[in-house]
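# Coordinates in review
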Amino acid sequence: MLTGAVLTGATLTAELASVVAGARRRALRDGDRHIDTAHLLHSLVETDAEVRAAFTGAGQLARVLGYLVQRSIGYGLRWQGAVEDSGVVPVHDAGIAGWSPAASAAMKGALERAARRGEPCATCLDLLGAVAADRDCRAVEVLERAGVDGTWLQVRIEELSQQV
């Protein structure tokens, strides 16, 4: 089980810690009780240049941002008041307090991706890759509506990660 203590400077890069703080602020502003994967995706795209570089061209990135911005003015309102649960996390696993089960699973996936590389801290690309891997989460719904295939994005992230 992940806890809030996992989300410390010891496990996240400074950039990813900033993304988490931004997602928390966005969730509060949107009137959501939990950080979900769409909040994380929005904060990732706004905060991190490597994440933005994962998308092909300004047009693709603009479409993703367009859907994320629309979330609070219509698209996504059906999500308000409902906790995102893509079925990735077992019901008995509480995850991170204040996070949707899918967002908790994404952070766990990001930490696992970093560990597989032998890195002590998860990066923004690790989180984007973990989010893109959950075909049933809100962030992937946003990506797909914007014309970005989650599987393609995972491959692209792997390519970028190997270049570093």
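The following paragraphs examine the structure supplied in this document. (Residues numbered from 1 in each chain as written. Predicted model: local features only at pLDDT ≥ 70, side-chain atom pairs only at ≥ 80, totals over all residues. Heavy atoms only, no water.)

### Comments concerning the overall build of the protein
What counts is decided by this rule: What counts as a helix is a DSSP run of H or I of at least four residues, what counts as a strand is a run of E of at least two, and both are numbered from the N terminus. A 1.4 Å probe rolled over the protein chains alone gives each residue an accessible area, and that area as a share of the maximum for its type sets the label: buried under 20%, exposed over 50%, partly exposed in between. Note on contacts: a residue pair qualifies if any of its non-hydrogen atoms lie within 4.5 Å across the two residues.
Scanning the protein from N- to C-terminus turns up eight helices and zero strands. Sequence-ordered secondary structure for the protein, helices as α and strands as β, is α-α-α-α-α-α-α-α. By the burial criterion, 48% of the 164 residues in the protein qualify as buried. A separation threshold of at least 6 residues defines the contact pool for the protein, and within that pool the share at least 24 residues apart is 67%.

### Let's talk about the packing of helix 2 (residues 37-47) against helix 6 (residues 124-133)
As a reminder, the rule being used: Whenever a helix is involved, its axis is fitted only over the stretch in contact; in every case the axis is a line through C-alpha atoms, and angles between N-to-C directions fall within 0 to 180 degrees. By definition, any crossing whose near helix is turned counterclockwise from its far helix by less than a right angle is left-handed, and any crossing with a clockwise turn is right-handed. Any residue that is not Ala, Val, Leu, Ile, Met, Phe, Trp, Tyr, Cys, Pro, Asp, Glu, Lys or Arg is counted as polar, Gly included; the first ten are nonpolar and the last four charged.
Their axes nearest at 11 Å, the elements helix 2 and helix 6 cross at an angle of 140°. Relative to helix 6, the crossing made by helix 2 is left-handed. Taking contact as the criterion, the partners of Thr37, Leu40, Leu41 and Leu44 in helix 2 are, on helix 6, Cys124, Leu127, Leu128 and Val131. A per-class count over the contact of helix 2 with helix 6 returns seven nonpolar, one polar and no charged.

### Some points on the nonpolar core
Quick note on the threshold: Take the buried Ala, Val, Leu, Ile, Met, Phe, Trp, Tyr and Cys residues and link them wherever side-chain atoms come within 4.5 Å; each set so joined is a nonpolar core.
One finds Leu16, Leu41, Phe55, Met107, Leu127, Leu128 and Leu153 to be the most contacted residues of the largest nonpolar core, which totals 45 residues. At the level of secondary structure, the elements contributing two or more residues to this core comprise helix 1 (14-30), helix 2, helix 4 (57-70), helix 5 (101-116), helix 6, helix 7 (138-145) and helix 8 (150-163). Beyond its immediate chain neighbours, meaning those up to four positions away, Leu153 contacts Ala54, Phe55, Leu128, Ala132, Leu143 and Val148.

### Some remarks on the environment of Ala49
With respect to the helices and strands, the residue Ala49 is situated in helix 3 (residues 49-53). Relative accessible area serves as the criterion here: at 48%, Ala49 is assigned to the partly exposed category. Linking Ala49 and Leu125, residues 76 residues apart in sequence, is a C-alpha distance of 9.9 Å.

### Observations regarding helix 1
Since there are 3.6 residues in each turn of an α-helix, residues three or four apart along the chain are aligned in direction. This is how the line gets drawn: Working rule for helices: expected span equals 1.5 Å times residues minus one. Taking the helix axis as origin, the arc is that swept by the directions to the C-beta atoms.
Between the first and last C-alpha of helix 1 there are 24 Å, a value that for 17 residues agrees with the 24 Å anticipated at 1.5 Å per step. By the burial criterion, the buried members of helix 1 are Leu16, Val19, Val20, Gly22, Ala23, Arg26, Ala27 and Asp30. Buried residues of helix 1, viewed axially, fall in a sector of 165°; they line one side. Among the exposed residues of helix 1, those oriented more than 90 degrees off its buried face are Ala14, Leu28 and Arg29. Just downstream of helix 1 lies Gly31, where phi reads positive at about 80°.

These results come straight from atomic positions and should not be treated as a statement about function.
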